[in-house]
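Residues per chain, in single letters:
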Amino acid sequence: MAVMHEMAAGMGGIRTAGDLVARMVMKGMKISAAKEYVANKLGCSVFDLSDSYKMKEIRESLDIGTVLDRPHASYGMAAKMRIAELLDIKIPSVELFKKKLGKSF
Amino acid sequence: MEKFFTRMGDGEGVWMSKEEIKNDILAGMEDAVVKGKSQPMGQDEIEHLVDILTMPQKNVSVERGNEGVVTFDAGTLKLPVRCAIPVDRSTALLIHERVLCSDTMELCNTDYSYKAIKNIVPEEAMAMEHAQMNCIMPIFYGAMPNMGQYTKPDGPVDNWATLLPEGKIKEAMVAQEEAVELCKNDMIFIGSAMAEAGTCGIQFDTSGASGDADALAALEAAKVLSRKYPNLSITMGMANEFHLGMHGKLKFEGERIAGQYPAKQVKSVEAAGAHSFGAVINTNSSKSFAWNLSRSLTYAKEATRVADIPVLVNVGMGVGGIPLTNTSPTDATTRAAKAMLEIGKADGL
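Just so you know, these numbers come straight off a predicted model, no measurement behind them.

**Examining the overall build of chain A**
Thought 1: Tallying secondary structure elements over chain A gives 6 helices and 0 strands in all.
Thought 2: By the compact-globule yardstick of 13 Å for 105 residues, chain A fits well, its C-alpha radius of gyration being 14 Å.
Thought 3: Along the first, second and third principal axes, the C-alpha atoms of chain A reach 45 × 35 × 30 Å.
Thought 4: When the 105 residues of chain A are sorted by exposure, 47% land in the buried category.
Thought 5: Of the contacts made within chain A by residues no fewer than 6 positions apart, 31% connect residues no fewer than 24 positions apart.

What follows is the structure, encoded as structure tokens:
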């Protein structure tokens with residue numbers, strides 16, 4: 001079911017900017033506002049957010065996680081820490097991780 | 001006369017003319033307008049829906065620019081449990097993230113009820129912490145209020161479903177009020193544990209499944225959690241296009257819960273401090289896909305028109321116009337997704 005919806009109507013997850021836009025929707029932003037916000041933070045157009053070619057380059061340059069792994073690239077918690085900083089939001093698991101390390105970063 | 005392949009509400013394939021499809025669209029819409037007091041779709045929207053339903057492609061998709069975010073209720077039940085693929089839940093999450101392009105996912109337990117999870121919440125919290133270390137996408141934790149589980153013999157409260165037919169109305173109302181407190185407290189306990197474990201969000205799925213008291217328990221729990229954990233995203237999925245008045249007199253923030261349709265349900269969810277609303281419109285398996293989708297769209301549009309928070313319409317098995325079958329046909333599913341975003345103006349699914 002989820003695959004059909006993602007292909008037909010979804011943003012595309014970490015293949016594009018789907019996870020980033022989703023984080024803003026989860027803060028209560030409507031989809032248009034969420035897309036504008038993320039595009040502004042990434043320095044790209046709203047149209048580019050669903051373009052996997054453009055977003056691969058952007059995600060690699062910002063090191064915020066991509067579908068295919070690369071040596072020394074961020075994934076998991078490291079990628080989320082960079083995403084939290086990029087979008088200027090608090091991600092609960094990132095805050096928990098920082099608290100465990102006793103660091104304020 | 002040209003016929004187009006479409007579906008009935010139970011998933012059976014049928015051939016219908018454009019005129020038959022349009023008539024069913026109008027009839028489904030009328031049902032939502034009359035019963036749900038929703039505004040009808042405009043003529044251009046009706047024509048657009050006819051176009052979607054008569055497209056020759058097997059599967060369709062939104063036009064560029066109309067993409068929304070996709071969530072997945074009970075996501076980690078699908079691969080390891082329903083499909084019997086022997087992967088751990090954390091592996092299932094990574095498959096969804098890296099292979100299936102999920103925007104978000106949901107960690108959940110096979111026994112998808114908050115009452116059952118109370119017994120194993122430390123283990124669920126540990127699973128969430130580990131999942132969060134590896135995943136990039138947002139991960140919810142979700143379950144259902146399922147307030148009926150608090151009734152005898154499974155729980156301590158008298159069963160209102162047996163009291164009501166016996167004419168014991170007052171006793172049934174008292175029993176539901178007792179169950180609300182138990183259910184609400186469990187959801188707050190589990191939600192808190194998962195928030196402390198770093199979950200990106202909490203989902204209350206099928207809120208209202210046991211009636212208006214069930215919905216109240218979820219709304220009260222969401223209200224507490226939203227204030228206790230400001231960074232925790234809370235999403236509330238409904239069980240029905242209206243809250244059944246099993247109690248009938250319960251209110252949340254001054255509004256009666258019984259009889260609420262999506263446009264009113266979303267305002268109660270907003271008042272609880274939740275961040276997104278999952279509208280649910282149930283499929284009538286005896287009607288056509290066109291009838292069901294049109295009816296669902298009309299309700300969803302009314303909710304998106306008045307909502308201040310994102311509306312993520314439930315478009316799953318037997319809801320949102322989708323046929324009532326476990327293996328959902330891709331032709332119907334993709335058409336429903338396209339229609340909900342382009343016509344329904346949903347923020348996602």
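**Thoughts on the nonpolar core**
Thought 1: Core analysis: the biggest nonpolar cluster contains 140 residues, and A:V21, B:A222, B:F277, B:A279, B:A300, B:V311 and B:M340 have the highest contact counts within it.
Thought 2: In this structure B:A279 touches B:M238, B:P262, B:Y299, B:A300, B:A303, B:V311, B:V313 and B:N314, once residues within four positions along its chain are discounted.

**Brief notes about the packing of helix α1 (residues 18–36) of chain B against helix α11 (residues 289–306) of chain B**
All names here are of chain B.
Thought 1: Two numbers describe how α1 lies on α11: the axes approach to 7 Å, and their chain directions differ by 40°. As summarised for this structure, α1 and α11 are arranged oblique, according to the angle between their axes. Read as a crossing pair, α1 and α11 show a hand that is right-handed. Across the interface between the two elements, I21, D24, I25, A27, G28, M29, D31, A32, V33 and G36 from α1 touch A290, W291, N292, S294, R295, T298, Y299 and E302 from α11.
Thought 2: Class assignment of the residues belonging to the contact of α1 with α11 gives a composition of 9 nonpolar, 5 polar and 4 charged.

**Overview of the sheet that holds strand β4 (residues 139–143) of chain B**
All names here are of chain B.
Thought 1: On the basis of which strands lie adjacent, the open sheet formed by 5 strands has the order β3-β4-β5-β6-β9 and parallel pairing. Whereas interior strands pair on both sides, the edge strands pair on one side only; in this sheet they are β3 (105–107) and β9 (276–278). Neighbour to neighbour, the strand axes of the sheet diverge by 30° on average, direction disregarded.
Thought 2: When strand β5 (residues 201–207) meets strand β6 (residues 233–238), the two strands line up parallel, connected through 5 bridges. Bridging across to β6, Q203 finds its partner in T235.
Thought 3: Contacts from helix α9 (residues 212–228) reach β5 and β6, with the element oriented near 170° to β5.

What counts as what
Residues numbered from 1 in each chain as written. Chains lettered and ligands numbered in written order. Predicted model: local features only at pLDDT ≥ 70, side-chain atom pairs only at ≥ 80, totals over all residues. Helix = DSSP H or I, 4+ residues; strand = E, 2+ residues; numbered from the N terminus. Rg over C-alpha atoms; globule rule 2.2 N^0.38 Å. Buried ≥ 20, exposed ≤ 12 C-beta atoms within 10 Å, placed from the backbone. Contact = placed C-beta atoms within 7 Å. Core = buried A, V, L, I, M, F, W, Y, C linked by C-beta atoms within 7 Å. Axes fitted to C-alpha atoms, helices over the stretch in contact; angles between N-to-C directions. Parallel < 35°, antiparallel > 145°, perpendicular 65-115°, else oblique. Left-handed = near helix turned anticlockwise from the far one by under 90°. Nonpolar A, V, L, I, M, F, W, Y, C, P; charged D, E, K, R; others polar. Pairing = 2+ DSSP bridges.

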